[in-house]
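# Structural features, examined
Residues per chain are reported as follows:
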Amino acid sequence: KTIRLADYKPPGFSIPRISLVISLDRHETRVKATLDCVRQDVTAASIRLDGSAHMRLAGLAVDGRPVAESLYDLDVDGLSLKNVPDHFTLTIDTVLDPAANTRLEGLYLSEGCFCTQCEAEGFRHITFFPDRPDILSLYDVRIEASREHCPVLLSNGNRVESGMLPGGRHYAVWRDPFPKPCYLFALVAGDLECLSERFVTRSGRPVDLHLYAKPHDIGQCGHALASLKRAMRWDEDVFGLEYDLDVYNIVAVSDFNMGAMENKSLNIFNTKFVLAAAETATDRDFDNVEGVIGHEYFHNWTGNRITCRDWFQLSLKEGLTVFRDQEFSSDMGSRALKRLDDVRLLRTIQFPEDSGPLAHPVRPDSYVEINNFYTATVYNKGAEVIRMMRHLIGTEAFQAGMALYIERHDGQAVTCEDFVRTMEDAGGRDLTQFRLWYAQSGTPHLDIRRSRDETGMTVLEVVQSCPPTPGQPVKEPFHMPLLMDWLPRNASDRSAPRLVDGTGQRLEQGFLLELRKPVERFVFADVPVDAVPSLLRGFSAPVILKTDVSLDDLSFLARHDDDAFVRFEAAQTLGRKTVLDRMHDVPVGSGEAGQALLAFFTHLLSGPLEDAALTAELLSLPGETEIGDAVDALDPVRLHRAREAVLNTLAANDAELLQASYTEYRDRQTPDLSSEAKAIRRLSGLLLSYVARLEGGAGYVGEHYRRAFTMTERMAALVEAAHIPDHAADGGGGGTTDLLDDFYRRYEEYPLVIDKWFAVQAQSRRGDTLQRICKLKEHPAFTLHNPNRVRAVFTTFSMANPACFHTGDGSGYELLAETIMEVDPINPQVAARLVAPLGRWRRLEPTRQKLMRAALERILSCKSISSDVKELVQKSLQA
Ligand code: ARG
Ligand code: ZN
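Rules of the game
Residues numbered from 1 in each chain as written. Chains lettered and ligands numbered in written order. Predicted model: local features only at pLDDT ≥ 70, side-chain atom pairs only at ≥ 80, totals over all residues. UniProt positions renumbered as here; feature names shortened; annotations may be inferred. Helix = DSSP H or I, 4+ residues; strand = E, 2+ residues; numbered from the N terminus. Pairing = 2+ DSSP bridges. Buried ≥ 20, exposed ≤ 12 C-beta atoms within 10 Å, placed from the backbone. Contact = placed C-beta atoms within 7 Å. Axes fitted to C-alpha atoms, helices over the stretch in contact; angles between N-to-C directions. Parallel < 35°, antiparallel > 145°, perpendicular 65-115°, else oblique. Left-handed = near helix turned anticlockwise from the far one by under 90°.

## Comments concerning the UniProt feature "domain: Aminopeptidase N-like N-terminal" (unreviewed entry) in the chain
With numbering aligned to this structure, UniProt lists the feature "domain: Aminopeptidase N-like N-terminal" (unreviewed entry) at residues 89–184. Secondary structure over residues 89–184 splits into 0% helix and 54% strand, and the C-alpha atoms at its two ends are 22 Å apart.

## Observations regarding the pairing of strand β7 (residues 72–75)
Note that β7 and strand β8 (residues 78–81) share four bridges and pair antiparallel. Looking at β8, one finds that Leu 74 is bridged to Leu 79. Hairpin connection of β7 to β8: two residues between the antiparallel strands.

## Comments concerning helix α27 (residues 867–877)
Among the residues of α27, Asp 868, Val 869, Glu 871, Leu 872, Val 873 and Ser 876 are the ones counted as buried. On the buried face of α27, the contacting elements are α24 (811–823), α25 (828–832) and α26 (846–860).

## Thoughts on the packing of α24 against α26
Packed helix pairs are characterised by how far apart their axes lie and by the angle those axes make with each other. The contact between α24 and α26 brings their axes to 9 Å, and the two run at 15°. Relative to α26, α24 is oriented roughly parallel. Considering only the axes of α24 and α26, their crossing is right-handed. Where α24 approaches α26, its residues Tyr 813, Glu 814, Leu 816, Ala 817, Ile 820 and Met 821 are matched on the opposing element by Leu 851, Met 852, Ala 855, Arg 858 and Ile 859.

## A closer look at the pairing of strand β15 (residues 169–180)
Working note: regular strand, side chains alternate between the two faces of the sheet. Both strand β12 (residues 137–146) and β15 contribute to a ladder of nine bridges, which runs antiparallel. Residue Ile 143 lies in a different strand from β15, and its bridge partner there is Ala 172. As paired strands, strand β14 (residues 158–165) and β15 are joined by seven bridges and run antiparallel to one another. The residue bridging Arg 159 from the neighbouring strand is Trp 174, located in β15. If you look at the hairpin formed by β14 and β15, you'll find three residues sitting between the two strands, and Gly 167 has a positive phi there, around 75°.

## Regarding the UniProt feature "domain: Peptidase M1 membrane alanine aminopeptidase" (unreviewed entry) in the chain
Cross-referencing UniProt, the feature "domain: Peptidase M1 membrane alanine aminopeptidase" (unreviewed entry) maps to residues 224–434 in the present numbering. When the span residues 224–434 is considered, its composition is 55% helix and 9% strand, and the gap between its end C-alpha atoms is 37 Å.

Here it is, written out as structure tokens:
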């Protein structure tokens, strides 16, 4: 069944209060819900409650009187009650089996701990309820459970009562003073340990912070708790937003469909985004924990206090909250590097999504299964849309707009339109055309050319276009900010270019040009003849850029631009061109791009390396997925070989310099978490990936592994070790099997580390990787029930190992299809998230197209397939 934005209707009844009595049992949990129902729409004769086949209705009463069976209709996805009064109390008894819940939505068990996941539509699996975000209610929750198995009982808000019950049971009552949509309801009950701290808000409210985890995990929770305090302070400092309750609880569980969930005052997290210790987590893991802890905390205002009217507005809270967590991470670490990470994520995940069969606007206009729309488009492109608005109206107006948004809409369930209108009012600017970013899918392309006219003026011509996407054959032009500048070739050149025609202004970071029409012309005076255009500074808009900048200019930008993105992009462009040339049989050393790239590498490696982390970025080639996204009739194996050849040539060409820098940086490593230490680890890991390609490379890998103090170093070595075929391992002990076995034994007790062990093997360049993945699937530590484990093997293999996924005989596609069909009956949400790589067939050469389509057809022919998987497979097959 397709749900459409155009069909939105306000709810017929409001439910200002709900009380829940939940008596927990592994197989027979009883839920008594008491709903205060008030008619809002006089034409609404009956009330509709969502429900599910996974719970049993055990009692239904209106104002205390049981409802006769003839007065309600019960079906597979809910019930309707006819002829109800204007104001009544509805009592519903349901019975659930949490132990049988492998879908991990609603109420389920993770390692013996009861927990919930209600966003988007999980609450309907706990009780019958109008499960939509525009119904805000006050919650009163009584939890009863075994004292022995569940000493900790948690829900939203404040604990107002607790006590003993007969039969070894106890109870706690929680009351949340803020009305909330049911997707923010949460409950946790289990045997958990707790790490606590106190935070005092700037207006003096003391807040108790508690982080709950399994006893063996609690030692790794310090970083998450410290991150939470930083996030709370940051939101006060930057947005003036304070926490609004006396307690903030976070619970870490191992079985979780997504990253984490912002339930009011009771966040539930995937352990992957909580646990971090230097011996078991990489620097990236540390950063991810900080970012996700921040993200969920920031939702308290952008998501919880102000929520979504309906799920089409998901980006209202997610795009905005991702933008906020990006800003937080930028302020905590390096702004330039954070931006590069975000650009990479867009290009490797969001751009392919936006050019494929699953493309959808930031605000979709229809869906079958809302869980399929928790996408990079809604989240990350949504964040780019917010960022562009800030560029267009200016930071000051944007900050005022945020304050106005909170003031206007606190306590409401609103739309993306409400947000844009607020920014329009705060900025005093018309954003009518800008709104297309919410409605149109597809990544815009910019084609930029410069010329000199007869009067000596420099002209920049910008042509924008956007390819067709499903349901949207023709696009209107977007309104977007293009940040650019002119870089003089000669550093002592003091000329100051001026914009004399075209909409834009001079800012500190460059010229902010505004694009609105399909073709825009900007005329500049006083641009030095040899100045190089520095375009799309800071990646000011999520577009694919094509320019007439020469290889010579790219080499210049890669060396001298003061904007990290433009520097990075210039280097990436040299890399991309070299790989594509090589794929068309141009040897690296004889193509012009290849020569420029080789020279750039030698230049970087022989000069003093000022910024280790940025240098690591500049020395990386773009990934295969990213390069392949621009190639028609792609043969991914051919592309892989070309890229490998370029990497090998780069390594051989600068062998001595690489070995010298590698040894220098490896020896400069210190085990701490300062940004300098992290930068050095990043660079030494990257350099290792080059020296591993040289003769004796396995020796370097083995030594790097043995000397490792931190998981970052250990993983850098393990990733390389996993690429080395058994027979090629030399006496240095860099052998794949040795190191992998050692790693497994060391970390057997740490599931998140064992996920890494699975992932490096799924990512291996070895020729026998596909067979090894089939074996890994049979490994005693592998399970289809744990989402992290499934993703460690199958998301990695299908998204991060193109050469192996795209083997010429289609066996990679078959393995993925088979796995999807196995996971689906266990957990449809996780199964659906594995489908996307199979939708990329249009890009491929004809043989693989056929094989990939066949894999999709096979899934579709499976009778019991979930609506989650079906929606994506059907869309993927559409021509
Ligand atoms: N709101 C959560 C977050 O981004 C994501 C939860 C989505 N869960 C789901 N099953 N769709 O922080
Ligand atoms: Zn979120």
